[in-house]
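Overview (structure and organization)
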Amino acid sequence: MSASPTVSPTGYPVGARFRPIMLLRSAPLPIWLITGLFAALLASWSVLVPQYHAPDEPNHVDAVMRLVQGAGWPHPGHAFVRPDGVGAIAASPYGTDKLPYDLDYAPIAKDDATPRGDRPTWDEMGDIRQPDGEPQPAGEIQQLVQHPPLYYWVGAAVLWALPGGDGDDLRWDVTIGILRLMSALMVAPIPLLAWAGAHRVSDGNRVASTCAALVPLAVPQLSHIGSSVNNDNLLALTAGLATVTIVYVLCGDTSLRTAAWTGVFIGLALFSKSLAIVLVPMAALAYLVAWRRARRDAHAPPAPPRRGPDAPFLLAETGLMAVPPGSTRPPWRQILLGGVLMIGFGGWWWVVNLVRYRTFQPETPGFPLGNLLDDWGDYTEVLVNGTILRWWGSFGWFETNLPTEFVRPASVAVVVLFALAVIRGRDGRTRVNLLFLLWPTIGLFGLMTLQSALAFADHHHVSGISGRYLYAGLPALAIGVGMGSLAFGRRVSRVFPVLFFAAAAAAQWWSVKTVLPYFWKPPGGDLADAWDAMTAWSPWPPAAAVATVWVGAALALAVLVSCGWIAFQGPDADPGPTRPGPTGPGAARLRTAAPETATPGTAGPETNDPRTNDPRTTDWGPADSRPADSHPVSSPDGSTESTTMDDSEPVDIASVDSRPSGPGRSQATSTPTTATTRSTAKGDPPSVTSPVPSH
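Criteria and thresholds
- Sequence order as written defines the numbering, with residues in each chain counted from 1.
- In view of the model being predicted, local features appear only for residues whose pLDDT reaches at least 70, and side-chain atom pairs are presented and counted only at 80 or more, with totals across whole chains, interfaces and linings using the full set of residues.
- Only hydrogens and water are set aside; all other atoms, that is, all heavy atoms of the structure, feed into the side-chain values.
- Put simply, DSSP marks the helices as runs of H or I at least four residues long and the strands as runs of E at least two long, and each gets a number from the N terminus on.
- Three exposure classes are used, based on accessible area relative to the maximum for each residue type with a 1.4 Å probe and protein chains only: buried under 20%, partly exposed in between, and exposed over 50%.
- Whether two residues are in contact is decided by their heavy atoms: any pair within 4.5 Å suffices.
- Residue exposure ignores everything except the shown protein chains as possible cover, and the areas themselves are Shrake-Rupley values with a 1.4 Å probe.
- Centre distance within 6.5 Å is the pairing criterion for rings of Phe, Tyr and Trp, where only the six-membered ring of Trp is used; planes under 30 degrees apart are then read as stacked, over 60 as edge-to-face, and the remainder as tilted.
- Salt-bridge detection follows one rule: a side-chain nitrogen of Lys or Arg within 4 Å of a carboxyl oxygen of Asp or Glu.
- In this analysis an axis means a line fitted to C-alpha atoms, helices contributing only their contacting stretch, and an angle means the value between N-to-C directions, from 0 to 180 degrees.
- Throughout this description, any angle smaller than 35 degrees is read as roughly parallel, any larger than 145 degrees as roughly antiparallel, any in the 65 to 115 degree range as roughly perpendicular, and the remainder as oblique.
- For any pair of crossing helices, the crossing counts as left-handed if the nearer helix is rotated counterclockwise from the farther one by less than a right angle, and right-handed if it is rotated clockwise.
- Classification used: nonpolar for Ala, Val, Leu, Ile, Met, Phe, Trp, Tyr, Cys and Pro, charged for Asp, Glu, Lys and Arg, polar for all others including Gly.
- For every residue, the predictor assigns a confidence score, pLDDT, that lies between 0 and 100.
- Candidate patch residues must exceed 30% relative accessible area and have no salt bridge, after which like charges are joined if within 9 Å and Val, Leu, Ile, Met, Phe, Trp or Tyr side chains if within 5 Å.
- Only buried residues count toward a nonpolar core, which is a set of Ala, Val, Leu, Ile, Met, Phe, Trp, Tyr and Cys residues joined through side-chain atoms within 4.5 Å.
- The span you would expect from a helix comes to 1.5 Å times its residue count less one.
- Throughout this description, a polar contact denotes any pair of N or O atoms lying within 3.5 Å of each other; where both atoms belong to protein, one of them has to be capable of donating a hydrogen while the other can accept it, and for residues adjacent in sequence the pair is counted only when both atoms sit in side chains.
- Whenever a pair of cysteine sulfur atoms sits within 2.5 Å, that pair is classed as a disulfide.
- Only four residue types enter the charge count, namely Lys and Arg as positive and Asp and Glu as negative; His and the chain termini do not.
- In plain terms, the charge of a residue is placed at NZ if it is Lys, CZ if Arg, CG if Asp and CD if Glu.

What follows is about the overall build of the chain. A tally of helices and strands in the chain yields 21 helices and six strands. Expressed as a percentage of the 695 residues in the chain, the buried residues total 55%. Pairs at least 24 apart in sequence give 81% of the contacts found in the chain among residues at least 6 apart. Put simply, the chain shows about 28700 Å² of open surface, and 64% of that area lies on carbon and sulfur atoms.

This part is about the packing of aromatic side chains. Tallying each qualifying case throughout the model produces 23 aromatic pairs. Aromatic side chains W350 and F360 sit 4.7 Å apart centroid to centroid with 15° between the ring planes, which places their arrangement in the stacked category. With W350 in helix α13 (residues 332-357) and F360 in the loop between α13 and β1 (371-372), the pair connects residues that are 10 residues apart, well separated along the chain. Members of the aromatic cluster, joined through ring pairs, are W391, W392, F406, Y471 and W510.

A few words on the pattern of salt bridges. Enumeration according to the criterion identifies 10 salt bridges in this entry. Notably, a salt bridge pairs D173 with R171, separated by 3.0 Å at the nearest N-O pair. For D173, a relative accessible area of 0% corresponds to the buried category. Across the pair R468 and D232 runs a salt bridge whose closest N-O atoms are separated by 3.2 Å. With R468 in the loop between β4 (461-462) and α17 (474-484) and D232 in helix α10 (residues 232-250), this residue pair connects regions lying 236 residues apart in the sequence. D232 carries the same exposure label as R468, and that label is buried. The structure contains a network of salt bridges with shared partners spanning D56, D232, K273 and R468.

Below, the discussion takes up the packing of helix α15 (residues 404-423) against helix α19 (residues 496-520). One can describe the packing of α15 onto α19 by two numbers: an axis separation of 12 Å at closest approach and a directional angle of 150°. Relative to α19, α15 is oriented roughly antiparallel. The handedness of the crossing between α15 and α19 is left-handed. Where α15 approaches α19, its residues E405, F406 and L417 are matched on the opposing element by F496, F500, A507 and W510. In terms of residue class, the contact of α15 with α19 is made up of six nonpolar, no polar and one charged.

Attention shifts here to the packing of α19 against helix α20 (residues 527-537). Direction vectors running N to C along α19 and α20 enclose 75°, while the axes themselves pass 9 Å from each other. Overall, the two elements α19 and α20 adopt an arrangement that is roughly perpendicular. Within the contact between the two elements, α19 uses L516, P517 and W520 and α20 uses L527, D529, A530, A533, M534 and W537. In terms of residue class, the contact of α19 with α20 is built from eight nonpolar, no polar and one charged.

Summary statistics for the chain give a mean pLDDT of 81 and a share of 76% for residues scoring 70 or more. In this model residues 1-9 is a low-confidence stretch, pLDDT under 50, and it forms 46 contacts with partners more than four residues away in sequence or in other chains. Low pLDDT (under 50) marks residues 313-320, which in the prediction has 29 contacts with non-local residues, meaning those over four places away or in another chain.

Residues I343, W348, V351, V352 and V355 make up a contiguous nonpolar surface patch of about 410 Å² in total accessible area. Along the polypeptide, W348 turns up in helix α13.

Our next topic: the nonpolar core. Residues L279, L437 and W520 are the most contacted members of the largest nonpolar core, which totals 156 residues. Counting residues per element, this core draws most heavily on α10, which supplies 12 residues. If we ignore the near neighbours within four places in the chain, the residues touching W520 are V47, L48, P50, I108, D529, A530, A533, M534 and W537.

With that settled, consider the environment of L99. Turning to its location among the elements, L99 is positioned in the loop between α4 (83-91) and α5 (150-161). The class for L99 is partly exposed, based on a relative accessible area of 48%. For the pair L99 and P131, spaced 32 residues apart in sequence, the C-alpha to C-alpha distance is 9.2 Å.

When you line up the elements, T449 lands in helix α16 (residues 428-459). With residues up to four places along the chain from it excluded, the contact list for T449 reads Y379 and L383.

Take the environment of T400 next. The topology assignment puts T400 in strand β3 (residues 400-401). Look at T400 and you get buried, because its relative accessible area is 9%. Separated by 115 residues in sequence, T400 and V515 have C-alpha atoms that sit 7.2 Å apart. With residues up to four places along the chain from it excluded, the contact list for T400 reads G393, S394, F395, T514 and Y518.

We now examine α16. In this model, α16 (32 residues) spans 46 Å end to end at C-alpha, consistent with the 46 Å of a helix rising 1.5 Å per residue. One side-chain oxygen of the residue at the start of α16 lies 3.2 Å from the amide nitrogen of R429, identifying that residue as D427. Residue H460 follows α16 closely and has a positive phi angle near 60°.

Attention now moves to unusual backbone geometry. Residues other than glycine predominantly adopt negative phi, and peptide bonds predominantly adopt the trans conformation. Phi is positive for D203, close to 60°, though the residue is something other than glycine. Within the secondary structure, D203 is located in the loop between α7 (190-201) and α8 (206-214).

Here we come to the state of the cysteines. Under the defined criterion, the tally for this structure stands at zero disulfides. Distance from the sulfur of C211, which forms no disulfide, to the nearest cysteine sulfur (C563) is 7.7 Å. When its relative accessible area of 0% is taken as the criterion, C211 is described as buried.

With respect to the helices and strands, S411 occurs in helix α15. Overall, the relative accessible area of 18% leaves S411 in the buried class. Along the chain, S411 and L389 lie 22 residues apart, while their C-alpha atoms are 9.6 Å from each other. Beyond its immediate chain neighbours, meaning those up to four positions away, S411 contacts I388 and W392. Within the structure, the side chain of S411 is placed 2.9 Å from the side chain of W392, a separation counted as a polar contact.

This part covers helix α3 (residues 57-68). In this model, α3 (12 residues) spans 17 Å end to end at C-alpha, consistent with the 16 Å of a helix rising 1.5 Å per residue. Every buried residue of α3 is listed here: E57, P58, N59, H60, V61, D62, A63, V64, M65, R66, L67 and V68. Residues of α3 that are buried sit in contact with α4, α5 and α6 (172-187). Just downstream of α3, G70 is the residue with a positive phi angle, here 80°.

Attention now goes to a negative patch on the surface. A cluster of like negative charges, contributed by D123, E124, D127, D166 and D169, occupies part of the molecular surface. Of note, D166 is situated in the loop between α5 and α6.

Laid out in structure tokens, this is it:
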């Protein structure tokens, strides 16, 4: 079989464009297992931590129920926690019977749990009085109306969609449980997003992409916040989606379709929380960098051969990669389209704030100031140490923490791996891409510091410092950490998925060991008593908790086996990055004005070849999942076909003059045709009919 090396109408090589459906289809089974395991962890954490023992969770739930009941979204300072929200605090394990509205730090007793059948509905909570018969106190200020309502609209829509009611006739604990599971579903795709970004940056290296997917499992605080009712969870999802599209832009995808996806995701992130503003300059600068790279590649002279005359033939070294025609033009159309969609899908909220309040995000009058500190030295200690601790594991209302014996080595490991990824990057462009991925975390930390420092300078009270504010940058950070595993060489790096899994398992075990006794273990009791207290307060029957634990254990075993399989396959089984990006230093230009039909005698796509329709044979799948002798090319209609390189069936590639380059190489020559144009390859390429080894 022979094929013509035509490209898609837009000029992008296969796998270079962001196509969400194909990207999902190409995700390998281990990544889906990791994502499923993370979802099981989140479901377990939604029961492990008592109701309302999460930062601002009572107010987040009340904000959702405000929309469910049609109370609207008033201006900051004009909203207070509603009576049913106050009643839910009293009924939950937030406080004690005597002091229901004061946070209680003691273990929660099993006997204090009301039987599930006797628990009132949310609608009835406004009629419940205090234990002494006195009316409920007035609700405190509802500060969350200063944020955009997207997360709360989604929660209200979920409750409205449940059969048999109008959203507020469920038991109060079931309402909180459902909203917690909704948050878990928002955060659950983060491992998949980390894989997608690392897969593109590393050109399909499965070690780096698998390690990136495992990073979120090693952050217990993410499991805690991700399974509580909190608008940071929707921000983490939308920011992760935007990060993946920005990665594709950096790697050369400047198509209008990807610009539209980028604008939509950033707009939704902005409609989730103001911290998403850090994504705007990141996306704009990514387009400028991609444009500069494309212009440089379009004018770059052919690069000299990098391999010896007797080295195996590599298709990547023929330079058959296109510089898409539109990528050399200034990206004003992409930035304009993305900007319009960004404003339409969420940015308009902040424009309205600027017009209405003359500020980006108005403050909430009457909101508590926070803890009083003596000087800037105390503030700096809280800022640095508090952020790190609350990023890794400070559970509840920062009630119990992971020990420093875990936090410090884990923090050093993240910094070292990301630094190694940058230092040992295979080329300058990869290093620049990784520095881009560091920006969300740095930008989010800078915004948090600016806001809290201005408040501290004004009244010497500190607030607004938390590690969860940085979770919008966690998918990007996970990509860089996963790429750091490649700095140890191909043979050693194959063990890193097992090491990452072991680290995640240790972190989760340490966290459960910390949280379960603290919240649930009675004085003089054991872990069995803690389990009974936890399941007694849970909105779900004990069988659901048992089933979740067993499903999680089975998924953990499957993930361990898949990571072990990568480690024991041997270095030669993983070809590593076999495909360059659509642009790169010294990349040759494939000047194709428009796709043309193949000349007579050139075979078209083999529709009966199972590899043709298998997504694993395209560049969307992991680089190691393709047959070593199969390379996808684009047909005129945009589909892909697999061209097999062997000595028995020579393939006509771009009418490049082929001549013997070493012993054992085919001496077949290709005939120029009107359907193809000669590619300016990297030097004189060897015969394209030579066997292509796994590399």
